[in-house]
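Single-letter residue listing:
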Amino acid sequence: MMMNALSKYIFYPAWDLKDGSHRLLEWRQLEKQQWWAQKDLEDLQLSRLNSLLIYAETHSPYYRELFNQHGIKASDIRTLKDIERIPVTTKQAIRNGGDQFISDECKKTQLVSAKTGGSTGVSLNLYFDDTCQEKRNAAQLMADRWSGWDLGMKRASVWGNPPVPDSVKQKLRHNLLDRTIYLDTMDLNSRSMGAFVTRWRKEKPGAVFGHAHSIYIFAKYLLHENITDLRPQGIVATSMMLLEHERKTIEQAFGCQVTNRYGCEEVGLIACECDQHSGMHINVPHVYVEFLDGNNNPVAAGEPGKIVVTDLNNYAMPLIRYRVEDVGVYSERTCKCGRGFPLLEKLEGRVADFLRLPHGGQVAGISLVERTLTKVPGIEQMQLIQEQIYEVVINRVKGREFTEQTDKELTSAMREVFGEDVGLTINNVDEIPQEASGKYRFSICRVNQ
Ligand SMILES: [Zn+2]
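The structure contained in this document is the topic of the report that follows. None of the values given here were measured: they were computed from a predicted structure.

Comments concerning the overall build of the protein chain
Okay, step 1: Per the secondary structure count, the protein chain includes 12 helices and 19 strands.
Okay, step 2: Within the protein chain, the fraction of its 449 residues that count as buried is 53%.
Okay, step 3: A sequence separation of at least 24 residues applies to 65% of the contacts in the protein chain between residues at least 6 apart.

And the structure:
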């Protein structure tokens, strides 16, 4: 407790002052802004959007050219709705445009860089400056606290490739601030999880962070071993694939509710659940989010739409109307917590996770997996891979209630969706394989989109 208080009141501010960071300042603003009325938040977004557009028009060669081509002037964008005149920026455009996106005021070597995973087929190099990075960290801090974690508490991370501190400064920082214990998800077995439990009992972290499915595997281990004394204040699932049954298992194992969170390397935190766990609040001071149909027209509340994000923090490499390739549903209802940040009702999955139906149309693979797991008893886990339009492979992990009926029911559940013409192959597997990034994908479409 003593160390928690010290870390909260002394080490955090001291470190930020030392780094000349704006993180705490921005965090304090966010703590207030989250309670603002929606109208005031829209005004804030519009003024931030205007500044960004004027900057991009002047300093980003890509957007200067794009605006020119389409006869758009930044000063013509007077309402949030006016942004719809600007064409959507795709991953492909970033890949082709490369350095053309970067501000002519910035040197690439002085920027923070990030690389997105290539699992959707397009890997990107992104750049942002320190101020943008600090603002993103501030938003994380705000959202971390929504989960029940607080400044100064230790953290448990269930992550692929945990960072190893390699300098004295990093070590110091690690001990004072990060104070994180890691479970490496690239090496999950009863020995590594057992050692992690021992470490947890010693360090008593206040919250656990990680990919939903990795936390779920650890939760299953705890339930199996009858370990009931790991009691965090918060659990943050940062992968978008938080399946309902996994949420329940995790909550049972830790006696604590799961906070679902959505973000990406490209723009940072997009949305996060509050303590009501009913939809995710969109981080509107930092991102302007739109939901669009196949023709890039806005969809209505309650309808699934492709998520398009404008990063209001990144001036070094502006991203305006960037299509993340995820599908989500927004809501116009307000949250009981009273926060003014609007709600992302749910995520339907990545565009690449949608499976093709042979006679036209698509199905959200993640939803199909979720529904099948609820409907068909005896399946622990499953993954759908559509190799060709008429060929779907089902990797299936047997559950406790597995009988010879299970696969028949699984097949007929799939037939209801795909019809009779699609070849179905069920593979019995011990676990769903991990991606190189440590993430899991439950639905993969390899048919050309
Ligand atoms: Zn809320």
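The structure having been displayed, the exposition proceeds.
Things to note about the sheet that holds strand 6 (residues 234-237)
Neighbouring strands of a sheet are bound in pairs by backbone hydrogen bonds; such pairs are parallel or else antiparallel.
Okay, step 1: Spatial ordering of the open sheet is given by 4-3-5-6-7-8-9-13-12-11-10, a layout of 11 strands whose pairing is mixed. The open sheet has two edge strands with one neighbour each: strand 4 (180-184) and strand 10 (287-292). Averaged over all adjacent pairs, the angle separating strand axes in this sheet is 35°, with direction ignored.
Okay, step 2: By the bridge criterion, 4 bridges tie strand 7 (residues 258-264) to strand 8 (residues 268-273) in an arrangement that is antiparallel. From the neighbouring strand, Tyr262 faces strand 8, where its bridge partner is Ala271.

Thoughts on the coordination of the zinc ion
Okay, step 1: The zinc ion binds to the protein through Cys274 (SG), His281 (NE2), Cys335 (SG) and Cys337 (SG); the donor distances cover 2.1 to 2.3 Å.
Okay, step 2: Given a relative accessible area of 8%, Cys335 falls into the buried group.

Observations regarding the side chain of Asp353
Okay, step 1: Position of Asp353 among the secondary structure elements: in the loop between strand 13 (343-350) and strand 14 (354-356).
Okay, step 2: Residues within four places of Asp353 in sequence aside, it is in contact with Val363, Gly365, Ile366, Arg441 and Ser443.

Overview of the packing of helix 11 (residues 365-375) against helix 12 (residues 406-418)
Okay, step 1: Taken N-terminus to C-terminus, the directions of helix 11 and helix 12 make an angle of 140°; their axes are 10 Å apart at the nearest point. Here helix 11 and helix 12 pass one another in a crossing that is right-handed. Across the interface between the two elements, Leu368, Arg371, Thr372 and Lys375 from helix 11 touch Leu410, Ala413, Met414, Glu416, Val417 and Phe418 from helix 12.
Okay, step 2: Broken down by class, the residue content of the contact of helix 11 with helix 12 amounts to 6 nonpolar, 1 polar and 3 charged.

Here's the deal with the packing of aromatic side chains
Okay, step 1: Scanning the model with the defined rule gives 12 aromatic pairs in all.
Okay, step 2: When the ring of Tyr62 is compared with that of Phe101, the centres are 4.0 Å apart and the planes differ by 20°; the resulting orientation is stacked. On the criterion of sequence distance, the pair formed by Tyr62 in helix 4 (residues 61-69) and Phe101 in the loop between helix 5 (91-97) and strand 1 (112-115) is long-range, its members being 39 residues apart. Phe101 matches Tyr62 in its accessibility class, with the two residues each being buried.
Okay, step 3: Aromatic pair Phe196 and Phe218: ring centres 5.3 Å apart, planes at 70°, arrangement edge-to-face. One end of the pair, Phe196, is in helix 8 (residues 190-203); the other, Phe218, is in helix 9 (residues 212-224), with 22 residues separating them in the sequence.

Notes on the side chain of Glu26
Okay, step 1: Within the element layout of this structure, Glu26 appears in helix 2 (residues 23-33).
Okay, step 2: Notably, Glu26 is buried but unbridged: the nearest opposite-charge side chain belongs to Arg48, and the N-O separation is 4.4 Å.
Okay, step 3: If near-sequence neighbours (up to four positions away) are discounted, Glu26 is found in contact with Arg48, Lys135, Ala138 and His286.

Points about the sheet that holds strand 16 (residues 379-388)
Okay, step 1: Here we have 4 strands laid out as an open sheet, ordered 18-17-16-19, and mixed in their pairing. Looking at which strands have only one partner, the edges of the open sheet turn out to be strand 18 (423-428) and strand 19 (443-445). For this sheet, the mean inter-axis angle between neighbouring strands, taken without regard to orientation, is 15°.
Okay, step 2: Pairing between strand 17 (residues 391-398) and strand 18: 6 bridges, direction parallel. By the bridge assignment, Val393 is partnered in strand 18 with Thr425.
Okay, step 3: Running over the sheet, helix 11 touches strand 16 and strand 19 and is turned about 145° from strand 16.

Looking at the layout of surface pockets
Okay, step 1: If you add up the space inside the second largest pocket, you get close to 1200 Å³.
Okay, step 2: In this structure, the second largest pocket is lined by 39 residues; those nearest its centre are Tyr216, Lys220, Thr249, Glu380 and Gln381.
Okay, step 3: Residue assignment for the lining of the second largest pocket shows that the elements contributing at least two residues are helix 8, helix 9, helix 10 (244-254), helix 11 and strand 16.
Okay, step 4: It is helix 9 that provides the largest number of residues to the lining of the second largest pocket, a total of 7 residues.
Okay, step 5: Classifying every residue of the lining of the second largest pocket by side-chain character gives 15 nonpolar, 13 polar and 11 charged.

Some points on helix 4
Okay, step 1: Those residues of helix 4 lying buried are Tyr62, Tyr63, Leu66 and Phe67. All buried residues of helix 4 fall inside an arc of 125° around its axis, so they share one side. Helix 4 presents Asn68 and Gln69 as exposed residues on the side facing more than 90 degrees away from its buried surface.
Okay, step 2: Residues of helix 4 that are buried make contact with helix 3 (38-59) and helix 5.
Okay, step 3: Following helix 4 by one or two positions, Gly71 has its phi on the positive side, about 60°.

Describing the pattern of salt bridges
Okay, step 1: Taken as a whole, this structure holds 26 salt bridges when the rule is applied.
Okay, step 2: A salt bridge links Arg145 to Glu31, with the nearest nitrogen and oxygen atoms 3.0 Å apart. Residue Arg145 is located in helix 6 (residues 130-146), and its partner Glu31 is located in helix 2; the two are separated by 114 residues in the primary sequence.
Okay, step 3: For Arg145, a relative accessible area of 29% corresponds to the partly exposed category.
Okay, step 4: A salt bridge links Glu203 to Arg199; the shortest N-O distance between them is 3.6 Å. Linking Glu203 with Arg199, this pair stays in helix 8, spanning 4 residues, or about one helical turn.
Okay, step 5: Residue class for Glu203 comes out buried when judged on its relative accessible area of 19%.
Okay, step 6: Overall, the relative accessible area of 38% leaves Arg199 in the partly exposed class.
Okay, step 7: Within the structure, one salt-bridge network assembled from shared partners comprises Glu31, Arg145 and Asp150.

What counts and how
Residues numbered from 1 in each chain as written. Predicted model: local features only at pLDDT ≥ 70, side-chain atom pairs only at ≥ 80, totals over all residues. Heavy atoms only, no water. Helix = DSSP H or I, 4+ residues; strand = E, 2+ residues; numbered from the N terminus. Buried < 20%, exposed > 50% of the residue type's maximum accessible area, 1.4 Å probe, protein only. Contact = heavy atoms within 4.5 Å. Pairing = 2+ DSSP bridges. Axes fitted to C-alpha atoms, helices over the stretch in contact; angles between N-to-C directions. Donors = N, O, S within 2.8 Å, 3.2 Å for Na, K, Ca; no water. Left-handed = near helix turned anticlockwise from the far one by under 90°. Nonpolar A, V, L, I, M, F, W, Y, C, P; charged D, E, K, R; others polar. Phe/Tyr/Trp six-rings, centres within 6.5 Å; stacked < 30°, edge-to-face > 60°. Lys, Arg positive; Asp, Glu negative; His and termini not counted. Salt bridge = Lys/Arg side-chain N within 4 Å of Asp/Glu carboxyl O. 1 Å grid on protein atoms, 1.4 Å probe; cavity = no way out; pocket = protein on both sides within 12 Å on 5 of 7 lines; lining within 4 Å. Points joined across faces, edges and corners; volume = space filled by probe spheres on them. Arc of directions from axis to C-beta.

This is a description of form; function is not addressed.
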